[in-house]
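# Geometric and topological summary
Chain by chain, the residues run as shown.
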Amino acid sequence: MIISRTPFRISFAGGGSDLPAFYHREPGAVLSSAINKYMYIAIHPYFYKGKSLIKYSKTEIVNSINEIQHPLIKQVLKDNDLMGVDLNSIADIPSGTGLGSSSSFTVGLINAVRAYLGKAT
């Protein structure tokens with residue numbers, strides 16, 4: 001089993017300067033810092049060959065990557081041509097807090113999948 005741990009972050013300034021409506025008119029800059037709250041992603045071979053078990057705020061059991069509803073998971077597994085896994089996410093804080101949960105989720109997911117495939121850097 002591979003488990004990744006990715007810190008959440010708090011932004012002090014510059015939130016929104018990464019949006020096209022802003023950066024098309026002005027240069028952007030962000031000041032953020034990691035905090036001691038984390039997103040955990042665990043990945044393990046799934047017991048039922050040819051299927052994947054995906055657990056986040058929902059649970060999905062799928063027969064193909066195209067059946068996955070979660071867009072980030074779907075894309076990362078598609079990019080790595082990976083099925084047959086039990087993939088779980090657990091966080092110290094709920095989503096929607098403004099602490100970078102989707103970014104932490106994405107970074108942790110990519111790191112966990114790459115480590116699972118033996119491609120960790």
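Residues numbered from 1 in each chain as written. Predicted model: local features only at pLDDT ≥ 70, side-chain atom pairs only at ≥ 80, totals over all residues. Heavy atoms only, no water.

## Remarks on the overall build of the protein chain
Worth spelling out the cut-off: Only DSSP runs of H or I reaching four residues or more are called helices, and only runs of E reaching two or more are called strands; each is numbered from the N terminus. Note on classification: 1.4 Å probe, protein chains only; a residue is buried when its accessible area is under 20% of the maximum for its type, exposed when over 50%, partly exposed between these limits. Method for areas: the Shrake-Rupley scheme with a 1.4 Å probe, in which residue coverage is limited to the protein chains shown. Neither His nor the chain ends contribute to the count of charged residues, in which Lys and Arg are positive and Asp and Glu negative. Charge positions come from single atoms, namely NZ of Lys, CZ of Arg, CG of Asp or CD of Glu.
Along the backbone of the protein chain there are 3 helices and 5 strands. Secondary structure elements of the protein chain, listed N to C terminal, follow the sequence β-α-β-β-β-α-β-α. Once the C-alpha set of the protein chain is aligned to its principal axes, its extents read approximately 50 × 30 × 30 Å. Split into buried and exposed, the 121 residues of the protein chain put 32% on the buried side. Here the protein chain displays about 7,500 Å² of accessible surface, and carbon together with sulfur accounts for 55% of that area. In the protein chain, the 12 positive side-chain charges and the 8 negative ones have mean positions that sit 4 Å from each other.

## Side note on the pairing of strand β4 (residues 59–62)
Under the convention used in this document: In short, DSSP must find at least two bridges between two strands for them to pair.
Here β4 shows one buried face, formed by Glu60 and Val62, and one open face, formed by Thr59 and Ile61. Count of turn residues in the strand β3 (residues 52–55)/β4 antiparallel hairpin: 3 residues.

## What to know about helix α2 (residues 71–79)
Note the threshold: This arc is taken over the directions from the axis of the helix to the C-beta atoms. In what follows, a contact means two residues having at least one pair of non-hydrogen atoms within 4.5 Å.
Every buried residue of α2 is listed here: Ile73, Val76 and Leu77. When α2 is viewed along its axis, its buried side chains cluster within an angular range of 95° and face the same direction. Among the exposed residues of α2, those oriented more than 90 degrees off its buried face are Pro71 and Asp79. Tucked into the core, α2 has its buried residues touching β3, β5 (85–91) and α3 (101–116). Positive phi appears at aspartate 81, one or two residues downstream of α2, with a value of about 45°.

## Some details on the packing of aromatic side chains
The geometry of an aromatic ring pair is captured by two quantities: the separation of the ring centres and the angle between the planes. For the record, the criterion: A pair of Phe, Tyr and Trp rings is counted when the ring centres sit within 6.5 Å of each other, with Trp represented by its six-membered ring. The angle between the planes then sorts it: under 30 degrees is stacked, over 60 is edge-to-face, the rest tilted. Each ring is checked for a lysine NZ or an arginine CZ that lies within 6 Å of its centre and within 35 degrees of its normal; such an atom marks a charge sitting over the ring.
For the coordinates displayed, the defined rule picks out 2 aromatic pairs. Centroid distance tyrosine 38 to tyrosine 40: 6.3 Å. Interplanar angle 55°. Geometry classified as tilted. The class of tyrosine 38 is buried, set by a relative accessible area of 17%. Judged by centre distance (5.4 Å) and plane angle (70°), the rings of tyrosine 46 and tyrosine 48 are edge-to-face. When its relative accessible area of 9% is taken as the criterion, tyrosine 46 is described as buried. Taking NZ or CZ as reference, arginine 5 lies 4.0 Å from the ring centre of tyrosine 38, over its face.

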